[in-house]
Amino acid sequence: MCAPTGFSVGGVPAPVTDLRTHPVPDAVDAEAWALRVTGAVDRSLRLSAAALESFPLETVTDDFACAEGWVADGLAWRGIRVGDILERAGPSAEAEYALVRAMDGDYACSFPLEALSDAILAVELDGEPLPVDHGGPARLVPTGPDRDCWTSVKWVSEIRIGETPFSDADTAKETALSRLE
Ligand SMILES: Nc1nc2c(c(=O)[nH]1)N[C@H]1C(S)=C(S)[C@@H](COP(=O)(O)O)O[C@H]1N2
Ligand SMILES: [Mo]
């Protein structure tokens with residue numbers, strides 16, 4: 001017997017993606033979401049979900065591989081090129097680094113500014129608004145060769161621009177690898 005894509009034979013809808021679903025921390029409040037751009041910029045920004053709609057959207061299709069050993073194939077992310085957002089804030093001439101912070105407290109990941117500019121701030125996944133389970137309203141989707149699962153920051157709340165590295169505040173890799181044991 002054949003079942004239409006997205007539905008199992010028993011009538012229970014199949015998950016829309018093969019990303020793993022992890023618990024959403026209590027600190028995540030999708031209704032209160034806004035993105036701040038701070039630090040070494042001409043203009044600090046606070047963008048609501050509605051304000052994000054003024055940016056053009058791009059689609060990136062990529063496999064997602066977690067260091068824990070699972071892979072989700074062919075995810076279609078749609079969102080805003082981070083460089084387009086940063087352009088509005090005007091990074092200083094000496095800015096070379098960025099720290100991406102999230103609604104779940106201390107989770108933060110640092111990037112060379114150039115690599116972050118090419119990343120997508122995804123607001124849709126596989127044609128639907130990005131579910132809060134997977135980092136909605138907005139999740140970072142890095143596109144460069146150095147992307148690791150922990151660099152795809154869910155619930156992005158702040159992009160902080162710097163002229164010196166943010167190594168001390170970069171917790172993402174350690175947090176992700178500590179889940180391996
Ligand atoms: N804010 C935040 N983003 C995060 C994490 C996290 O704990 N907090 N975990 C990372 C890791 S290690 C993985 S594998 C993916 C998991 O994404 P998923 O929950 O959609 O499967 O989110 C990444 N982004
Ligand atoms: Mo991961």
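Residues numbered from 1 in each chain as written. Chains lettered and ligands numbered in written order. Predicted model: local features only at pLDDT ≥ 70, side-chain atom pairs only at ≥ 80, totals over all residues. Heavy atoms only, no water.

Draft legend 1. Structural detail: the pattern of salt bridges. For the coordinates displayed, the defined rule picks out 6 salt bridges. Across the pair D62 and R147 runs a salt bridge, and its minimum N-O distance is 2.9 Å. Of this pair, D62 sits in strand β3 (residues 58-65) while R147 sits in the loop between β9 (139-141) and β10 (156-162), and the two are 85 residues apart along the sequence. Note on R147: relative accessible area 36%, which makes it partly exposed. Note that D118 is salt-bridged to R81, the shortest N-O span being 3.1 Å. In this pair, D118 is assigned in the loop between α3 (113-117) and β7 (120-125) and R81 in strand β4 (residues 71-81), connecting sequence segments 37 residues apart. Its relative accessible area of 43% is what places D118 among the partly exposed residues. Connected via shared salt-bridge partners are R36, R101, E158 and R160. (Salt bridge = Lys/Arg side-chain N within 4 Å of Asp/Glu carboxyl O. Helix = DSSP H or I, 4+ residues; strand = E, 2+ residues; numbered from the N terminus. Buried < 20%, exposed > 50% of the residue type's maximum accessible area, 1.4 Å probe, protein only.)

Draft legend 2. How the structure looks around the sheet that holds strand β6 (residues 108-112). Strand order in this open sheet of 5 strands is β2-β1-β10-β5-β6, and the pairing throughout is mixed. A strand with exactly one partner marks an edge of an open sheet, and here the two such strands are β2 (45-48) and β6. Sheet twist, expressed as the mean angle between neighbouring strand axes with direction ignored, is 15°. Of the strand pairs in this sheet, strand β1 (residues 34-39) and β10 are connected by 4 bridges, and their pairing is parallel. Paired with V37 across the two strands is I159, which belongs to β10. (Pairing = 2+ DSSP bridges. Axes fitted to C-alpha atoms, helices over the stretch in contact; angles between N-to-C directions.)

Draft legend 3. Expanded view of the site of ligand 1. The immediate surroundings of ligand 1 are formed by 18 residues, with R20, H22, H134, K154 and R179 found nearest. Taking H134, its side chain carries an N or O atom lying 2.7 Å from an oxygen atom of ligand 1. Interatomic distance of 2.7 Å between a backbone N/O atom of S152 and a nitrogen atom of ligand 1. Expressed as a share of its isolated accessible area of 530 Å², the protein-covered part of ligand 1 is 97%. In this structure, ligand 1 is accommodated by the largest pocket. Residues belonging to the shell around ligand 1 are distributed by class as follows: 10 nonpolar, 3 polar and 5 charged. (Near = heavy atom within 4 Å. Polar contact = N/O pair within 3.5 Å; in protein donor to acceptor, adjacent residues only side chain to side chain. Areas by Shrake-Rupley, 256 points an atom, 1.4 Å probe, with all protein chains shown as cover. 1 Å grid on protein atoms, 1.4 Å probe; cavity = no way out; pocket = protein on both sides within 12 Å on 5 of 7 lines; lining within 4 Å. Sits in = over half its atoms within 2 Å of the grid points. Nonpolar A, V, L, I, M, F, W, Y, C, P; charged D, E, K, R; others polar.)

Draft legend 4. Layout of a negative patch on the surface. Together, D18, D63, D73, D126 and E128 make up a region of like negative charge exposed at the surface. Of note, D73 is situated in strand β4. The exposed category is assigned to D73, whose relative accessible area is 51%. (Patch = residues over 30% accessible without salt bridge, like charges linked within 9 Å, V, L, I, M, F, W, Y side chains within 5 Å. Lys, Arg positive; Asp, Glu negative; His and termini not counted. Charge placed at Lys NZ, Arg CZ, Asp CG, Glu CD.)

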